[in-house]
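Reading the structure
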Amino acid sequence: MKRGIRYDFSLLALLLIPVGVSMSVVGYQLSTILKFPIFIDQIGTVFVSMIGGPWVGLVTGLMGNVVNGMLNPVSFAYAFVSMIIGLVSGFLSRWKWYTNIFGTIAACFVLNECSATVAAVVTIFVFGGVTGAGSDLVTAAFLAAGGALVQSVLSTNLITGMAAMIIDVGVSWIILRRLPDRFLVKLNYGMPYVRNRKALA
Amino acid sequence: MNSAIGKLYPSTKFCFILLVIIASIFTPGHWFQYAMFPLFAVLSLFSGTFVKYLKAYLSSILLIVVLIFAVQVFIVRYDDTTPIWAFIGFSQTGLTASLGITSRIAAICAAIMWFFQVTSTKDMVYAMERANFPKKMTFVIISTIQMVPQMSALSATILDAQRSRGIETEGSLMTRMKAFVPMLGPLVLSLIQQTEERALALQSRAFLFKARKTSLYQIDKRPVDTVIQIVCLAAFVAYVVWMVIA
């Protein structure tokens, strides 16, 4: 199966993008209803990038933020964070990091680093360091303790992002294990997750 | 969408807000930017979305603006911070910085929110198709915007169904976390199944065929659209010239 930006946008992959965006939105609503302290809003991006690849994951992240941005334009600025999560996660899937538990845990760390860095850059350059979320209290605490703006925002994002990323990747991985083989073989990036390896040979 | 503004061609409204956004970013100072919200509030009055606009704008932007203001002025350390109490200090550069940032955020958000409230998705996608955007891109945009509210309603149904089967949604954090996968799992698996069927349905309706499709729904560019677009372009050129000279 050919992979790459020209081949990834098959009809099935295109139809996965709304699925990913809906998952992210529903994940956010569920975490609000179940009153979690962290927001699980990238779950769709991670899931679609695992089976659709980096470029489909990037578009999923972008569309998620565009849909949210229609109601709250602040989300447009954070589209870069979702896009980088989709892109990196897709490449990790291609390099077979998600096929075992150690790779999955390592992927959590890598994704958290990338998203925290990009989020910090966006927060500082566009919003001057705060965005109105609860994590601003953590940023303010760091600033009050004397830290510079960059370090404070970055540390905030790393800490609050880690728990969210573990849940995103963990739940995506659990659901991925439940997908039927006959669906995974139709996707460009689904081969590593097919269970019946004898049938493939 | 029934007002005169709602009936304008989408690219006209887009040109207008693009002009406003560029002007807001590059104009020095903050009075022009803060004036954008009243301007768009008045425009929303003419387009019949006044109450909706005010509610949406104030509930999302006000908190952010106040927070950025507070943190930049009182908490971030600049060279001229004069301490007032414990870690809170007042800084003049912080004040100018926060006025600049918050005014631009307020102006850009005012423009974008107004645009999405007066332009229906159907019009936007039709305009994009007419402008020869790739068909896959317009398909992704419209299917995402249509699917998200449907999926939220479906997830509410699944939530009730799982609750009636004994999944605990109240209690300790651990109990609530154990409810997450049973809520999301059925949603995703039913979506994946629908995806396969949807792919077949689209293929049987010649979705991937290269010829241009005739649309049952038509909107046309009227003279007033062309006039407004020319005015916006002229205003943009005048603005660039003014910024370069001054």
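Since we're looking at a predicted model, the values are computed, not measured. (Residues numbered from 1 in each chain as written. Chains lettered and ligands numbered in written order. Predicted model: local features only at pLDDT ≥ 70, side-chain atom pairs only at ≥ 80, totals over all residues. Heavy atoms only, no water.)

Across its full length, chain B carries 10 helices and 2 strands. Computed over C-alpha atoms, the radius of gyration of chain B comes to 24 Å, more than 25% over the 18 Å expected from 2.2 N^0.38 for 246 residues, which places it beyond the range of a compact globule. Counting only C-alpha atoms and orienting by the principal axes, one finds that chain B spans roughly 60 × 60 × 30 Å. For chain B, with 246 residues in total, the buried portion stands at 41%. (Helix = DSSP H or I, 4+ residues; strand = E, 2+ residues; numbered from the N terminus. Rg over C-alpha atoms; globule rule 2.2 N^0.38 Å. Buried < 20%, exposed > 50% of the residue type's maximum accessible area, 1.4 Å probe, protein only.)

Next up on the list: the nonpolar core. A:Phe47, A:Ile51, B:Phe40, B:Phe180 and B:Leu184 are the most contacted members of the largest nonpolar core, which has 105 residues in total. Residue contributions to this core reach at least three from each of two domains, namely domain 1 (10-119) and domain 2 (127-204) of chain B. Every residue in contact with A:Ile51, bar those within four places of it in the chain, is listed here: A:Leu16, A:Leu176, A:Leu179, A:Phe183, A:Leu184, A:Leu187, A:Tyr189 and A:Gly190. (Core = buried A, V, L, I, M, F, W, Y, C linked by side-chain atoms within 4.5 Å. Domains from an automatic or database assignment. Contact = heavy atoms within 4.5 Å.)

Residues and elements named next belong to chain A. On the surface, a cluster of positive charge is contributed by Arg3, Arg94, Lys96 and Arg197. As for its position among the elements, Arg197 is in helix α10 (residues 197-200). For Arg197, a relative accessible area of 45% puts it in the partly exposed group. (Patch = residues over 30% accessible without salt bridge, like charges linked within 9 Å, V, L, I, M, F, W, Y side chains within 5 Å. Areas by Shrake-Rupley, 256 points an atom, 1.4 Å probe, with all protein chains shown as cover. Salt bridge = Lys/Arg side-chain N within 4 Å of Asp/Glu carboxyl O. Lys, Arg positive; Asp, Glu negative; His and termini not counted. Charge placed at Lys NZ, Arg CZ, Asp CG, Glu CD.)

It is worth spelling out the UniProt feature "transmembrane region" (unreviewed entry) in chain B at this point. Residue and element names in this part refer to chain B. UniProt records the feature "transmembrane region" (unreviewed entry) at residues 12-29, 35-54, 61-78, 84-116, 137-159 and 226-245, using the numbering of this structure. Counting secondary structure, residues 12-29 comes out at 83% helix and 0% strand; the distance between its end C-alpha atoms is 28 Å. The span residues 35-54 is 80% helical and 0% strand by assignment, and the distance between its end C-alpha atoms comes to 15 Å. (UniProt positions renumbered as here; feature names shortened; annotations may be inferred.)

The next point concerns the UniProt feature "transmembrane region" (unreviewed entry) in chain A. Residue and element names in this part refer to chain A. Using the residue numbers shown here, the UniProt feature "transmembrane region" (unreviewed entry) corresponds to residues 43-64, 76-95, 101-127 and 158-176. Between the first and last C-alpha atoms of residues 43-64 the distance is 11 Å; the span itself is 95% helix and 0% strand. Annotated as residues 101-127, this span is 100% helix and 0% strand, and its ends, taken at the C-alpha atoms, are 37 Å apart.

Our focus in this paragraph is the interface of chain A and chain B. On the side of chain B, 54 residues touch chain A, which itself brings 55 residues to the contact. Both faces considered, chain A and chain B share a buried interface measuring about 4,800 Å² in area, 83% of it formed by carbon and sulfur atoms. Linking chain A with chain B are 2 salt bridges, by the criterion used here. Of the charged contacts, one joins A:Lys186 and B:Glu196 as a salt bridge, the two residues approaching to 2.6 Å between their closest N and O atoms. Those elements giving two or more residues to the side of chain A that touches chain B turn out to be α1 (11-33), α2 (43-52), α3 (54-69), α4 (74-77), α6 (101-127), α7 (135-144), α8 (149-178) and α9 (181-184) of chain A. For the side of chain A that touches chain B, the residue count by class is 41 nonpolar, 9 polar and 5 charged. (Buried area = accessible area lost by both parts, 1.4 Å probe. Nonpolar A, V, L, I, M, F, W, Y, C, P; charged D, E, K, R; others polar.)

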